[in-house]
Amino acid sequence: MAQAPIGPGPTTFTLDQTGSNGYTVNSDGTLTNFQVSTTFQAKNIQYTTLPTTANVVNIYSPSAGLWIPDLTGNVIDVLTGFPGKFQLAVPVATTPVMVVGTGVVGQRNYAIAQNVTDSTGVACNVSPRQLTVAGEADAIEVSSFTISARIPLGKCPVYGLQTPDARRVFVLNRGDDTITVINSQNNTLDACVPFVNQSGQTVTCHPSLPLSTSAGLTGASVPSIAGPVYAEYNAATTQLIVADYDGNAVSVIDVSLDVYGNDSATFGTTYTIPVGTNPASVTALYDGSRAYTANQADGTVSEVNLVSHTPVKTLPVNGHPRTVVSVQNSLYGKVYVASPDSPYLTIIRTDQDIIDATVLVPGNIVDVRASSQNASQGNVIVTSRKPGYGQPCYLPPTLLSPTAIAGNPSACSTQP
């Protein structure tokens, strides 16, 4: 439909909440600002020069402005306007790896920090369970750019997301196989003394959710080590769907609330579904019926049923996939799969669960996004994922050994 050059060596990419503006961080220290359009042209692309000392690991793009975790100085760089212009830097805890928010201009955002001194950027990839320090979520008030709370997390927090109603934030801790639950209404951990709500029901809070047997979860197919790296929230079913990279599984978690905004009686109920090797990401169809994982090590996509909580089908794809997204706005949906070591975008048709097409693009694919999942609402995935700091490298451990990563940290984020 359209094609235009951006900056050299893009390392991470995202779209804003409206799905109309995109951003890439490039290897030369620039930030590309482009508009999503079928008439996309090079002359309309604009660039922002980041500080020469900036060490950007992620981008968070709400409906207005940009929030960029910057390891230099342990700050969150806030940019405004389009193209983005630097406004200020907000000091946060050590090693901030991402910013979590609703995607629209809201009350506060959360800076997720690992609190580790890791010059390599791969300690949470090579030996996350050997690290002992806990992470931290710093609540940044949008109105004043001040920190209103410092909330403890688990070890090696790598990814976070907030529900669209801004009531809960979920942070995935790869180092101890837990999900920290933040009650963003109260700006605290989701902790309480059990109480009876207005309808006479007992309410129990859940500050942490386990994902593995070593973390305390029991049940069928639960791995001893999970290693969560990515998750999506499905509004149709009020479920959290988690890709457990080290456990070769998907965790489907009930995170529903009662009518008063408290955790429901079923909150935290978890089903574990086995998938392929090293699922680096997962996407759920808009109706909540099925999910698809990008299994990086074995080059496949697993389809799972979110109603029966069972695996359905496995499809081979090009390369070693790291990204998978879905759209569902017609009689059938489509799933798009991208691999950093392949120039082919694989498209799966969901009514028949077959590979519908493979599209050749000019270069290996860093990432892929959908501007809208259902053609009526905006983009829901407003954060990027740069390899390292616990996020999967561009190649799986089977091809990029921990020894090789430790000896050459840049190998984690180097394009194959």
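Located above this text is the structure these notes cover.
Residues numbered from 1 in each chain as written. Predicted model: local features only at pLDDT ≥ 70, side-chain atom pairs only at ≥ 80, totals over all residues. Heavy atoms only, no water.

Engineer: Whenever I open this one, the nonpolar core confuses me. Can you help?
Structural biologist: Most often, soluble globular proteins have nonpolar side chains that are buried together. Grouped together as the largest cluster of nonpolar side chains are 48 residues, with contacts concentrated most on Tyr110, Ile112, Ile179 and Leu240. Not counting residues up to four positions away in its chain, the partners in contact with Tyr110 are Met98, Val99, Val100, Ala137, Asp138, Ala139, Ile151, Val169, Ile182, Ser184 and Asn187. Formed by 11 residues, the second largest nonpolar core is a distinct cluster that contains Tyr60, Trp67, Ile76 and Val382. (Core = buried A, V, L, I, M, F, W, Y, C linked by side-chain atoms within 4.5 Å. Buried < 20%, exposed > 50% of the residue type's maximum accessible area, 1.4 Å probe, protein only. Contact = heavy atoms within 4.5 Å.)

Engineer: Would you mind going over the packing of aromatic side chains with me for this structure?
Structural biologist: Two measures describe an aromatic ring pair: the distance that separates the ring centres and the angle between the ring planes. In this structure the tally under the stated criterion is five aromatic pairs. Centre to centre, the rings of Phe34 and Phe40 are 5.3 Å apart; their planes meet at 40 degrees, and the pair counts as tilted. Both residues of the pair, Phe34 and Phe40, count as buried. Arranged with centres 5.8 Å apart and planes meeting at 40 degrees, the rings of Trp67 and Phe145 form a pair that is tilted. Of this pair, Trp67 sits in strand 5 (residues 66–70) while Phe145 sits in the loop between strand 10 (136–141) and strand 11 (146–152), and the two are 78 residues apart along the sequence. By relative accessible area, which is 21% here, Phe145 ends up partly exposed. (Phe/Tyr/Trp six-rings, centres within 6.5 Å; stacked < 30°, edge-to-face > 60°. Helix = DSSP H or I, 4+ residues; strand = E, 2+ residues; numbered from the N terminus.)

Engineer: Teacher, can you tell me more about the sheet that holds strand 5 here?
Structural biologist: The strands making up a sheet associate through backbone hydrogen bonding, with each pair oriented either parallel or antiparallel. Across the sheet, which stays open at both edges, the three strands sit in the order 5-6-7 with antiparallel pairing between neighbours. Edge positions in the sheet fall to strand 5 and strand 7 (85–91), since each of these pairs with one other strand and no more. Put simply, the sheet's adjacent strands are angled 25 degrees from each other on average, direction ignored. Inspection of the sheet shows strand 6 (residues 75–80) paired to strand 7 by six bridges, in the antiparallel sense. Each residue of the ladder has a partner; that of Asp77, found in strand 7, is Ala89. (Pairing = 2+ DSSP bridges. Axes fitted to C-alpha atoms, helices over the stretch in contact; angles between N-to-C directions.)

Engineer: Explanation requested: the state of the cysteines in the structure shown.
Structural biologist: Defined simply, a disulfide is a covalent bond joining two cysteines at their sulfur atoms. In total, this model carries three disulfides according to the counting rule given. One disulfide bridge connects Cys124 with Cys156, the sulfur atoms lying 2.0 Å from each other. Where Cys124 bonds to Cys156 through sulfur, the torsion about that S-S bond is close to -85 degrees, and the disulfide is left-handed. Here Cys124, found in helix 1 (residues 123–126), pairs with Cys156, found in the loop between strand 11 and strand 12 (157–162); they are 32 residues apart in sequence, far enough to count as distant. Residue classification places Cys124 among the buried positions, given a relative accessible area of 0%. In this model, Cys192 is linked to Cys205 through a disulfide, with the two sulfur atoms separated by 2.0 Å. One disulfide, between Cys192 and Cys205, carries an S-S torsion of 105 degrees and so falls in the right-handed class. Of this pair, Cys192 sits in the loop between strand 15 (188–189) and strand 16 (195–196) while Cys205 is found in the loop between strand 17 (202–203) and strand 18 (208–210), placing the two residues 13 residues apart along the sequence. Its relative accessible area of 33% is what places Cys192 among the partly exposed residues. The cystine pairing of the protein chain, numbering bonded cysteines in sequence order, is 1-2, 3-4, 5-6. (Disulfide = S-S within 2.5 Å.)

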